[in-house]
Amino acid sequence: MNRKKVVIGVFTSLFVLLILGYSVFHISKSRTFQFFGEIVPRVATEKKVVALTFDDGPTGYTSDVLSTLQKAGIKATFFVVGHTLEQKPYIGKAIVSEGHELANHTYSHQRMWFKSQAFIADEIEKTNRLIRASGYNRDIHFRPPYSKKIFGLPWYLRQHNIKTIMVDIEPDTYGSDTGFLVEYTLANTKPGSIILLHPFCDACSGQREAISMIVSGLQTKGYQFVTVSELLAYKDK
Ligand SMILES: [Zn+2]
């Protein structure tokens, strides 16, 4: 093989590796595709039902959110982080006693890629045990931190019949102002949508304020709020 062919071969291999790496990176954060098991970014239904979901926490702000939901008279789904729930088990119990759904967002909120099956199992099972200790007794769904998943995580979830719940309406990807969050959500929500807010951090007051306006705005448009488990039952109805 002459030198020119070797150089072409090396560049071709590098190019292929680059394309593969780029593709895997994009697949790893996809909301609609994973290599194994069921992934749900939105439920296919013509009924005007939606699920409001919250990621991270619980934190001290959870009680504010619970009181907003109580005033609005709706149920939501909380994807909690295990190690935070462990420190504030009384908040988990309050979420469940008010009729909301608890779901798993890992124990340590790390990106779940390039992790061993033992690490993944520990993250999910420890958090599931804490969710059960909060009094929640229905199916526990899962959402990966930063949407990250490649092979190991979806493989584990499929083996254990755990659904990956993603999202089709995530307004804080595009802005943080309360007015924008409400306007974006009202304009883009469809029947079966899964809406995500992050209302539990110190700097997230805009998201906390947006909740009641999103709820009343969508109710005016004829939408009904249900938990993720309830929404899944609407598939193809
Ligand atoms: Zn998160």
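About the cut-offs
Residues numbered from 1 in each chain as written. Predicted model: local features only at pLDDT ≥ 70, side-chain atom pairs only at ≥ 80, totals over all residues. Heavy atoms only, no water. Donors = N, O, S within 2.8 Å, 3.2 Å for Na, K, Ca; no water. Helix = DSSP H or I, 4+ residues; strand = E, 2+ residues; numbered from the N terminus. Buried < 20%, exposed > 50% of the residue type's maximum accessible area, 1.4 Å probe, protein only. Pairing = 2+ DSSP bridges. Domains from an automatic or database assignment. Contact = heavy atoms within 4.5 Å. Buried area = accessible area lost by both parts, 1.4 Å probe. Salt bridge = Lys/Arg side-chain N within 4 Å of Asp/Glu carboxyl O. Nonpolar A, V, L, I, M, F, W, Y, C, P; charged D, E, K, R; others polar. Phe/Tyr/Trp six-rings, centres within 6.5 Å; stacked < 30°, edge-to-face > 60°. Lys NZ or Arg CZ within 6 Å of the ring centre and 35° of its normal.

Draft legend 1. Seen up close, the coordination of the zinc ion. Those donors, Asp 56 (OD), His 105 (NE2) and His 109 (NE2), are the protein atoms that reach the zinc ion, and they lie 2.1 Å from it. In primary-sequence terms, the residues that donate to the zinc ion follow D-x48-H-x3-H. With Asp 56 in the loop between strand S2 (49-55) and helix H2 (62-72) and His 105 in the loop between strand S4 (101-104) and helix H5 (117-133), the pair connects residues that are 49 residues apart, well separated along the chain. Judged by its relative accessible area of 2%, His 105 falls in the buried class.

Draft legend 2. A look at the pairing of strand S6 (residues 194-197). Because side chains alternate across S6, one face comprises the buried residues Ile 194 and Leu 196, and the other comprises Ile 195 and Leu 197, equally buried. Where S2 and S6 come together, four bridges link them in parallel fashion. Directly across from Phe 54, in S6, lies its bridge partner Leu 197.

Draft legend 3. Structural detail: unusual backbone geometry. For the peptide bond that leads from Gly 57 to Pro 58, omega is 5 degrees, which places it in the cis range. Mapped onto the elements of the fold, Pro 58 is located in the loop between S2 and H2. Positive phi, normally seen in glycine, also occurs at His 109, with a value near 60 degrees. One can find His 109 in the loop between S4 and H5. A positive phi angle, close to 65 degrees, is found at Asp 236, a residue other than glycine. Within the secondary structure layout, Asp 236 lies in the segment after helix H9 (228-232).

Draft legend 4. Structural view of the domain arrangement of the chain. Taken domain by domain, the chain consists of domain 1 (1-30) and domain 2 (31-232). Computed from C-alpha atoms alone, the centre-to-centre distance between domain 1 and domain 2 is 37 Å. Listed per partner, the contact involves six residues of domain 1 and 11 residues of domain 2. In total, domain 1 and domain 2 occlude about 690 Å² of area from one another, counting both sides; carbon and sulfur atoms represent 57% of this. Our enumeration of links across domain 1 and domain 2 arrives at zero salt bridges. Looking at the side of domain 1 that touches domain 2, its residues break down into three nonpolar, two polar and one charged.

Draft legend 5. The arrangement of the packing of aromatic side chains in detail. If you walk through the whole model with that rule in mind, you get six aromatic pairs. Aromatic pair Phe 78 and Phe 200: ring centres 6.1 Å apart, planes at 20 degrees, arrangement stacked. A residue pair is termed long-range when its members are at least 10 positions apart, and Phe 78 in strand S3 (residues 77-80) and Phe 200 in the loop between S6 and helix H8 (205-220) qualify at 122 residues. Grouping residues by exposure puts Phe 78 and Phe 200 together as buried. Here the aromatic rings of Trp 113 and Phe 114 are separated by 5.3 Å at their centres, their planes lie at 35 degrees, and the arrangement is tilted. Its relative accessible area of 21% is what places Trp 113 among the partly exposed residues. Its relative accessible area of 73% is what places Phe 114 among the exposed residues. Through successive ring pairs, a cluster of aromatic residues spans Phe 54, Phe 78 and Phe 200. Above the ring of Phe 119, the side-chain terminus of Lys 115 is found at 4.9 Å from the ring centroid. Over the ring of Tyr 107 we find Lys 126; its NZ or CZ atom is 4.0 Å from the centre of that ring.

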